[in-house]
Every structure is written in structure tokens, then in C-alpha cells.
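Listed below are the residues making up each chain.
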Amino acid sequence: MKLDLAKSDKHYYDATTQPQLRTFDTYGYLTVTGSGAPGGEVYTEAVQTLYRTAYGAKKLAKADGQDFVVPKLEGQWWVNSDEPPLSVPRELWQWKLMIRMPDTVTAEMVSGAIFERLTEGEAIQVMHIGPYATEPETLARMEAFMAEQNLVMNGRHHEIYLSDPRKSPDAKTRTILRHPVRRA
């Protein structure tokens with residue numbers, strides 16, 4: 001039987017349309033870090049590398065009786081500037097693309113990407129439904145929630161892409177947005 005993290009770890013892969021405070025453990029990820037606009041050539045190559053590596057790890061795990069469904073693409077985003085991130089040209093955005101791996105996958109099973117263990121701890125999580133261009137509205141709700149709860153950012157903006165943008169109309173695209181936080 002295949003392990004499907006999206007089904008076995010609802011806490012991680014489920015969100016409401018209202019911001020909620022949650023706590024996340026340490027998880028293993030395949031990662032590729034880069035910079036530039038989402039959808040650009042470097043970004044697209046990084047996505048392909050991640051999936052190629054994930055399916056290679058899946059093949060090795062399956063041969064060992066530990067088959068799994070390759071999880072959704074995720075990304076951490078940031079800018080190297082004091083400017084508000086959305087005012088920085090997309091070509092200057094920094095990203096770490098990630099695919100979460102089950103605990104049975106080890107660094108020795110991975111080639112082509114980096115295997116990292118990351119901990120976010122406390123974070124605000126919300127489901128954004130709609131095109132990526134309308135994410136600023138959802139981000140504003142997250143910031144208002146942070147202010148109400150006396151929280152500040154404590155890490156990189158994190159997105160989990162539940163919908164395949166090639167197959168979902170913009171209005172139905174589902175993306176989990178997450179901000180690691182700490183008390184102000």
C-alpha cells in the first residue's frame with residue numbers, strides 16, 4: 001500500500017480560508033534553491049529536477065517495500081531587500097522549491113537535489129483559492145491576523161501548491177500559504 005502524505009498528514013496539507021495558528025514538526029524535503037521569476041527558465045528547470053529526483057527516490061523506496069505518492073510541490077519565497085517583497089521585481093525573487101519526503105527516504109536515496117530537514121514550528125496557515133495574482137489579498141488577511149495575535153514573521157513565506165496550474169482554472173487554484181511566526 002502506498003503512503004500518501006496528503007491523506008495521512010491532514011494537519012500539514014489542510015487549511016481553511018481563515019488564517020489559523022498551527023505548529024509544525026521537522027520534515028524531510030528535496031530542495032533546489034534559485035532566483036528569478038516563477039515560471040522562468042531556471043525555475044522550470046528546478047521543478048523538473050525536483051520531480052525527477054522525487055520519482056527516483058520513490059522507485060528506490062518502492063523496491064524496498066516503502067512505496068509512496070510523490071507529494072505536492074512547495075516553495076519558500078524571499079527577497080534580499082528591505083523593500084516590501086511584492087514591490088521587488090519578480091526577476092529578483094529568491095526561492096527554495098521543495099517536495100516533502102516520507103521518513104523512509106534518506107539522503108543516500110537522493111541525487112540531483114539536496115535533501116534537507118526543515119522545522120517551521122509555529123506558523124500561520126491559510127488556504128488561498130484563486131489565481132496567484134490575488135494572493136496579496138490573502139497575505140493581507142494573514143498580516144492582520146498576525147497583528148491581532150501579537151505575532152511577527154520568523155522565517156520564509158511558504159506555499160504548498162495543491163492544484164496543478166496546468167489543469168485548474170485560475171479561479172479554482174488552491175494554494176496553502178504559510179508564515180512561520182513568533183511572539184512579538
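Being a predicted model, the structure only gives us computed values, none of them experimental. (Residues numbered from 1 in each chain as written. Predicted model: local features only at pLDDT ≥ 70, side-chain atom pairs only at ≥ 80, totals over all residues. Heavy atoms only, no water.)

*Asks:* When you look at the overall build of the protein chain in this model, what are you seeing that I'm missing?
*Replies:* When its secondary structure is counted, the protein chain shows four helices and seven strands. Seen in sequence order, the protein chain has helices and strands lined up from the N terminus as α-α-β-α-β-β-β-α-β-β-β. Viewed in the frame of its principal axes, the protein chain has a C-alpha envelope of about 50 × 35 × 30 Å. Looking at the protein chain residue by residue over its 184 residues, the buried ones come to 46%. Considering only contacts within the protein chain whose residues lie at least 6 apart along the sequence, 74% involve residues at least 24 apart. When the accessible surface of the protein chain is split by element, carbon and sulfur atoms take 52% of a total near 10000 Å². For the protein chain, the distance from the average site of its 22 positive side-chain charges to the average site of its 24 negative ones is 7 Å. (Helix = DSSP H or I, 4+ residues; strand = E, 2+ residues; numbered from the N terminus. Buried < 20%, exposed > 50% of the residue type's maximum accessible area, 1.4 Å probe, protein only. Contact = heavy atoms within 4.5 Å. Areas by Shrake-Rupley, 256 points an atom, 1.4 Å probe, with all protein chains shown as cover. Lys, Arg positive; Asp, Glu negative; His and termini not counted. Charge placed at Lys NZ, Arg CZ, Asp CG, Glu CD.)

*Asks:* How should I be thinking about the nonpolar core in this particular structure?
*Replies:* Nonpolar side chains in soluble globular proteins generally cluster together in the buried interior. If you look at the biggest cluster of nonpolar residues, it comprises 25 residues, and the most contacted ones within it are Leu50, Leu73, Leu97 and Met101. Elements represented by at least two residues in this core include exactly strand E1 (20-35), helix H3 (41-63), strand E2 (73-78) and strand E3 (94-101). Counting residues per element, this core draws most heavily on H3, at seven residues. Dropping the residues within four chain positions of it, Leu50 is found in contact with Leu30, Thr31, Val32, Leu73, Leu97, Met98, Ile99 and Ala113. In terms of nonpolar packing, the next biggest core, distinct from the first, is built from 14 residues, Phe24, Met98, Leu118 and Ile160 among them. (Core = buried A, V, L, I, M, F, W, Y, C linked by side-chain atoms within 4.5 Å.)

*Asks:* Sorry if this is basic, but what is going on with helix H4 (residues 135-148) here?
*Replies:* Structural remark: α-helix, 3.6 residues per turn; residues separated by three or four positions point the same way. In a regular helix each residue adds 1.5 Å, so 14 residues correspond to 20 Å; H4 covers 20 Å between its end C-alpha atoms and thus fits that length. Considered for burial, the residues of H4 that qualify are Glu135, Thr138, Leu139, Met142, Phe145 and Met146. Buried residues in H4, looked at end-on, bunch into an arc of 115 degrees, giving them a common side. Of the residues in H4, the exposed ones pointing more than 90 degrees away from the buried face are Glu137, Ala147 and Glu148. Considering only its buried residues, H4 is in contact with E1, strand E4 (114-129), strand E5 (151-153), strand E6 (157-161) and strand E7 (174-183). Looking one or two places after H4, you find Asn150, whose phi comes out positive at around 60 degrees. (Expected span 1.5 Å × (residues − 1). Arc of directions from axis to C-beta.)

*Asks:* When you look at the pattern of salt bridges in this model, what are you seeing that I'm missing?
*Replies:* Charged atoms that come close allow side chains of opposite charge to pair. Applying the stated criterion to the full structure yields five salt bridges. Asp67 is the salt-bridge partner of Lys58, the closest N and O atoms lying 2.6 Å from each other. By relative accessible area, which is 14% here, Lys58 ends up buried. A salt bridge links Arg183 to Glu122, with the nearest nitrogen and oxygen atoms 3.9 Å apart. Taken together, the positions of Arg183 in strand E7 and Glu122 in strand E4 put the pair 61 residues apart, joining distant regions of the chain. Accessibility expressed as a relative area gives 45% for Arg183, which makes it partly exposed. Under the relative-accessibility criterion, Glu122 is labelled partly exposed at 27%. (Salt bridge = Lys/Arg side-chain N within 4 Å of Asp/Glu carboxyl O.)

*Asks:* Is there a simple way to explain the side chain of Glu116 in this structure?
*Replies:* Summarising the element assignment, Glu116 is placed in strand E4. Among the polar contacts listed, one links the side chain of Glu116 to the side chain of Thr31, at a separation of 2.7 Å. In terms of polar contacts, Glu116 uses its side chain to reach the side chain of Lys96, at 3.1 Å. Residue contacts for Glu116: discarding those within four places in its chain leaves Tyr27, Gly28, Tyr29, Thr31 and Lys96. (Polar contact = N/O pair within 3.5 Å; in protein donor to acceptor, adjacent residues only side chain to side chain.)

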